[in-house]
Amino acid sequence: MSDNTSLFYTGTYTGADEQGIFQCSLDLHSGRMEIVNSTDGIANSSFLAMNADKDRLYAVSETDAGEVYAYSVDSETGELHLLDRKPTQGSAPCYISLTQDGSHVLVANYTSGHVNAYSIGDNGELTPSSLIQHSGSSINQDRQEGPHPHSVFQDPKGKYVLVCDLGLDEVIFYRLEEGKLVSHHAVKTAPGAGPRHFDFHPSGQWAYGINELDDTVTVYALNTQAGDLKLLQTISALPEGAVRGSASADIHVTPCGRFLYASNRSEDSIGLYHINPSTGMLTAVEWVSTNGKTPRNFAIFKGGYLLAANQNSSNIVSFKINKENGRLTPTGYVLEVPKPVCILPVAKCKH
């Protein structure tokens, strides 16, 4: 594979008898994308994670009887070979991540309202080590009738596990002690916000959350020592005058720490925000169409590219990031993939 090419995997909402996880390539000169190979045997591979050595890939199967899959990655071809699969003992697992030391897999189960931890064996196999059931509700009777964990991940120091629970309006901190999730602290969001996804500033000073239900982005001061967040700012995830659709989805900070992007599925766009280098707070700059429908997920790549996964138009669209101001320009390249909902870059992003 050329130095001018970056690989990525795409998870999709497809059936187990269809191709579900696609290995793709991105040309870093042009933004052109291609499908390299694909894997079947997993239904609704809606979120993916990879270990630091790039030889193991983990995926959730977002079904009523949720599962987590472990694959080995062929070092020559990138093809996936199933190593293990385990039930989550819940339904609709929608997010998966690895601890920074690579010892555990973390899974959020949206519908059943619980979080799993699995220890990873020497050969990549999974052993259940913890299951935490959330309880409670919030003010939106249609969407917050119970707990709905939507993401789970470690803080930049690897000290705490954080869970965004859309149903409870909470970002919940846990400690991972000998494979067990131990309750530490819960940070309340605004009532009806519906926290969904999260990202951290590369400085480690600030954290950013996207709230699905009230279409906002929140800025926090991050205290990794104490395991706490302090709210600094709340800003709209939609342009002024847009009709709120309770459909904000994904959020990412660029590795340079100057720009933040947030996707929303009601406007089918990605918003650009400039990050104040002194305070971490945001200034909205522009919103750009994703040239598709329902951008559930997107990813930032080395060489200054952003790829948007448009679930309901079954395509991935590439954009060039202006390194001076962060503005997005479509490259003109579109990759047809069935119902893409997760993009996982293989190489660490730098730009």
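Overview of the structure.

## Considerations on the overall build of the protein chain
Assigned secondary structure in the protein chain consists of zero helices and 28 strands. A compact globule built from 351 residues would reach a C-alpha radius of gyration of about 20 Å, and the protein chain, at 19 Å, matches this within 12%. In terms of principal-axis extent, the alpha carbons of the protein chain reach across some 45 × 45 × 35 Å. Split into buried and exposed, the 351 residues of the protein chain put 58% on the buried side.

## Let's talk about the nonpolar core
By size, the foremost hydrophobic cluster in this structure holds 53 residues, and its most contacted members are Y9, I21, L57, I96, V105, F198 and L229. Considering each element in turn, this core owes the most residues, five residues, to strand β6 (residues 67-73).

## Remarks on the pairing of strand β21 (residues 259-264)
For β21, a buried count of six out of six residues is recorded, marking the element as mostly surrounded by other parts of the structure. Burial along β21 is two-sided: the face carrying F259, Y261 and S263 and the face carrying L260, A262 and N264 are both buried. Note that strand β20 (residues 248-253) and β21 share four bridges and pair antiparallel. When the bridges of β21 are listed, I251 appears paired with A262. Hairpin remark: β20 followed by β21, antiparallel, with five residues in the connecting loop; positive phi at G257, about 80°.

## What about the environment of A186?
Mapped onto the elements, A186 comes out in strand β15 (residues 180-188). In sequence terms A186 and E125 are 61 residues apart; their C-alpha atoms lie 31 Å from each other. For A186, the contacting residues outside a window of four places in its chain are E170, V171 and I172.

## A look at the sheet that holds strand β26 (residues 315-321)
Taken in spatial order, the four strands make up an open sheet running β24-β25-β26-β27, and their pairing is antiparallel. The sheet is open, and its two edges are formed by β24 (295-301) and β27 (328-336), each paired on a single side. Across the sheet, the mean angle separating the axes of adjacent strands is 20° when strand polarity is ignored. The pairing of strand β25 (residues 305-310) with β26 spans six bridges and is antiparallel. When the sheet's bridge partners are listed, Y305 is paired in β26 with K320.

## Observations regarding empty space enclosed by the protein
Over the atoms, a rolled probe matching the size of one water molecule traces out where space is still vacant. Taken as a whole, this structure holds one cavity of 30 Å³ or more when the rule is applied. Here the largest cavity is characterised by a volume of approximately 40 Å³. Lining of the largest cavity is provided by S46, F47, C94, H150, R196, H197, R296, N297 and V341. Looking at the lining of the largest cavity, the elements with two or more residues in it are β16 (195-200) and β24. Here the residues of the lining of the largest cavity sort into three nonpolar, four polar and two charged.

## Digging into the sheet that holds β16
The antiparallel open sheet is built from four strands, whose spatial order is β16-β17-β18-β19. The outermost strands of the open sheet, each flanked by one partner alone, are β16 and β19 (228-236). Pairwise comparison of adjacent strand axes, ignoring direction, gives a mean angle of 25° for this sheet. Where β16 lies against strand β17 (residues 206-211), five bridges are found, and the strand directions are antiparallel. Bridge pairing in β17 links D199 to Y208.

## Comments concerning unusual backbone geometry
Peptide bonds are trans in most cases, and residues, glycine excluded, mostly fall at negative phi. Phi at D169 takes a positive value of approximately 55°, unusual for a residue other than glycine. Within the secondary structure layout, D169 lies in the loop between β13 (161-165) and β14 (170-177).

## Details of the packing of aromatic side chains
A full pass over the atoms with the stated rule returns nine aromatic pairs. Between F47 and Y95, the ring centres sit 4.1 Å apart and the planes meet at 25°, which makes this aromatic pair stacked. Of this pair, F47 sits in the loop between β3 (33-40) and β4 (48-50) while Y95 sits in strand β8 (residues 93-98); the two residues are 48 residues apart in sequence, bridging distant segments of the chain. Assessed through its relative accessible area of 12%, Y95 is described here as buried. Between Y69 and Y71, the ring centres sit 6.1 Å apart and the planes meet at 20°, which makes this aromatic pair stacked. Judged by relative accessible area, which is 2%, Y69 ranks as buried. Classification of Y71 as buried rests on a relative accessible area of 2%.

## Regarding the layout of surface pockets
Of the volumes computed, that of the second largest pocket is approximately 240 Å³. Taken together, the residues of the lining of the second largest pocket sort by class into seven nonpolar, four polar and five charged.

Cut-offs applied
- Residues numbered from 1 in each chain as written.
- Predicted model: local features only at pLDDT ≥ 70, side-chain atom pairs only at ≥ 80, totals over all residues.
- Heavy atoms only, no water.
- Helix = DSSP H or I, 4+ residues; strand = E, 2+ residues; numbered from the N terminus.
- Rg over C-alpha atoms; globule rule 2.2 N^0.38 Å.
- Buried < 20%, exposed > 50% of the residue type's maximum accessible area, 1.4 Å probe, protein only.
- Core = buried A, V, L, I, M, F, W, Y, C linked by side-chain atoms within 4.5 Å.
- Pairing = 2+ DSSP bridges.
- Contact = heavy atoms within 4.5 Å.
- Axes fitted to C-alpha atoms, helices over the stretch in contact; angles between N-to-C directions.
- 1 Å grid on protein atoms, 1.4 Å probe; cavity = no way out; pocket = protein on both sides within 12 Å on 5 of 7 lines; lining within 4 Å.
- Points joined across faces, edges and corners; volume = space filled by probe spheres on them.
- Nonpolar A, V, L, I, M, F, W, Y, C, P; charged D, E, K, R; others polar.
- Phe/Tyr/Trp six-rings, centres within 6.5 Å; stacked < 30°, edge-to-face > 60°.

Such coordinate-based values are descriptive only and should not be taken to indicate function.
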